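# Residue-level structure breakdown
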Amino acid sequence: MPKPNGLPVAREWYRVAAVSDGISQIIEKHVVPWMRCNIFLIRGRSSSLLLDSGMGFRPIRNEIEALRDIHIKCVCTHCHFDHTGCAHEFDVRLGHASEAQIHAEPDPDSTCARAWLSEEIITALPNDGFEIANYRLTPAPLTGYLDEGDVIDLGDRAFQVLHLPGHSPGSIALYEKSTKTLFSGDAIYDGDLVDNAWHSDAEAFRESLRRLRELPVETIHAGHFPSFGRQRLLELIDLYLAGAISIGDVHAWKAAKSDT
Ligand SMILES: [Zn+2]
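A short tour of the structure in this document, coming up. (Residues numbered from 1 in each chain as written. Predicted model: local features only at pLDDT ≥ 70, side-chain atom pairs only at ≥ 80, totals over all residues. Heavy atoms only, no water.)

The helix and strand inventory of the chain stands at six helices and 13 strands. The principal-axis extents of the C-alpha atoms in the chain amount to approximately 55 × 45 × 35 Å. On the chain, roughly 11400 Å² of surface is accessible, and the fraction owed to carbon and sulfur atoms is 51%. Counting 25 positive and 37 negative side-chain charges, the chain places the centres of these two groups 5 Å from one another. (Helix = DSSP H or I, 4+ residues; strand = E, 2+ residues; numbered from the N terminus. Areas by Shrake-Rupley, 256 points an atom, 1.4 Å probe, with all protein chains shown as cover. Lys, Arg positive; Asp, Glu negative; His and termini not counted. Charge placed at Lys NZ, Arg CZ, Asp CG, Glu CD.)

This brings us to the pairing of strand 12 (residues 219-222). As paired elements, strand 11 (residues 181-185) and strand 12 share four bridges and run parallel to each other. In the sheet register, Gly 185 faces strand 12, and the bridge partner there is Ala 222. Chirality of the crossover, the property in question, places the unit of strand 11, helix 4 (residues 202-213) and strand 12 among those that are right-handed. Note that strand 12 and strand 13 (residues 228-229) share two bridges and pair antiparallel. The residue bridging Ile 220 from the neighbouring strand is Phe 228, located in strand 13. Here strand 12 hands over to strand 13 after five residues, with Phe 225 in that stretch at a positive phi of 65°. (Pairing = 2+ DSSP bridges. Right-handed = clockwise from strand over helix to strand, strands pointing away.)

Moving on: helix 5 (residues 230-241). The end-to-end C-alpha distance of helix 5 is 17 Å, a good match for the 16 Å that twelve residues give at a rise of 1.5 Å each. Every buried residue of helix 5 is listed here: Leu 233, Leu 234, Leu 236, Ile 237 and Tyr 240. Along the axis of helix 5, the buried residues cluster in a sector spanning 160°; they form a single face. (Expected span 1.5 Å × (residues − 1). Buried < 20%, exposed > 50% of the residue type's maximum accessible area, 1.4 Å probe, protein only. Arc of directions from axis to C-beta.)

Where burial is concerned, most of strand 10 (residues 172-176) is hidden: five out of the five residues are buried. Inspection of the sheet shows strand 9 (residues 158-163) paired to strand 10 by four bridges, in the antiparallel sense. From the neighbouring strand, Gln 160 faces strand 10, where its bridge partner is Tyr 175. The loop that links strand 10 with its antiparallel partner strand 11 comprises four residues; one of these, Lys 180, has a positive phi angle of about 55°.

Taken together, His 78 (NE2), His 80 (ND1), His 167 (NE2) and Asp 186 (OD) make up the full set of protein donors to the zinc ion, lying 2.1 to 2.5 Å away. Each donor residue of the zinc ion lies on one chain, and together they are spaced H-x1-H-x86-H-x18-D. With a gap of 89 residues between them, His 78 in the loop between strand 5 (72-75) and helix 1 (81-84) and His 167 in the loop between strand 9 and strand 10 connect regions that are remote in the sequence. (Donors = N, O, S within 2.8 Å, 3.2 Å for Na, K, Ca; no water.)

What follows deals with empty space enclosed by the protein. Evaluation of the coordinates by the stated rule reveals two cavities of 30 Å³ or more. By volume, the largest cavity amounts to about 190 Å³. Lining the second largest cavity are Cys 79, Thr 84, Ala 87, Ile 102, His 103, Pro 106, Thr 111, Leu 137, Thr 138 and Ala 140. Grouping the constituent residues of the lining of the second largest cavity by class yields six nonpolar, four polar and no charged. (1 Å grid on protein atoms, 1.4 Å probe; cavity = no way out; pocket = protein on both sides within 12 Å on 5 of 7 lines; lining within 4 Å. Points joined across faces, edges and corners; volume = space filled by probe spheres on them. Nonpolar A, V, L, I, M, F, W, Y, C, P; charged D, E, K, R; others polar.)

Note on placement: His 163 falls in strand 9. The spacing of His 163 and Asp 147 is 16 residues in sequence and 6.0 Å in space, taken between C-alpha atoms. Residue contacts for His 163: discarding those within four places in its chain leaves His 96, Asp 147, Glu 148, Pro 169, Gly 170, Ser 171, Ile 172 and Arg 211. Polar side-chain contacts of His 163 include one of 2.7 Å to the backbone oxygen of Pro 169. (Contact = heavy atoms within 4.5 Å. Polar contact = N/O pair within 3.5 Å; in protein donor to acceptor, adjacent residues only side chain to side chain.)

See below:
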């Protein structure tokens, strides 16, 4: 039977791919590539991290066996709807204190869903009768805070927390010194950067990127789009600082993406 908006119901919503030792990437298969976030599962000896959790269109824990481990901590790089939708499924939810209120009482404006959510971002329905107009994030109050200088120790690997405001006030990234790997959230990715959301601060964004330039990082797993290396990081920072990769008008940007 045809669905109301013509889309089929997806059998699988998530796809898991191994990235490197102990790191897997999870994507929402039926969210368009220019919108979906990268979700990372980082396994350690004593505990594991789920870094961001997607839009929450469908529960993530039921579908991915590795996430049923009780020792998984969900880390939110920031409070936007495309990164926090399944956070409520986890008992431990960590993020920056400046966005605690939004995690606890998410609404379409504060989580940027109003600006970004629309029919064209999905290519299948997560369940029968799904309507994007009825989408609401489930409140997921943070159970602990992360800030600059904190270290998350997983037993055999450890991550340093970097506070990189700009995209949002509480944007954080995780840096693993031993492997020179950065999980950057939306502070930097290989695409047009958003520095004009309601709580963005473009000057703080520039400062955060100048800071990243000095970090001896070799591999960047970002909040959107494919991972990249140091050379590309420096190019992206230069492009942003030159004003070449700011997203500008969201609706015009989305319309251009939808046409391609
Ligand atoms: Zn964001």
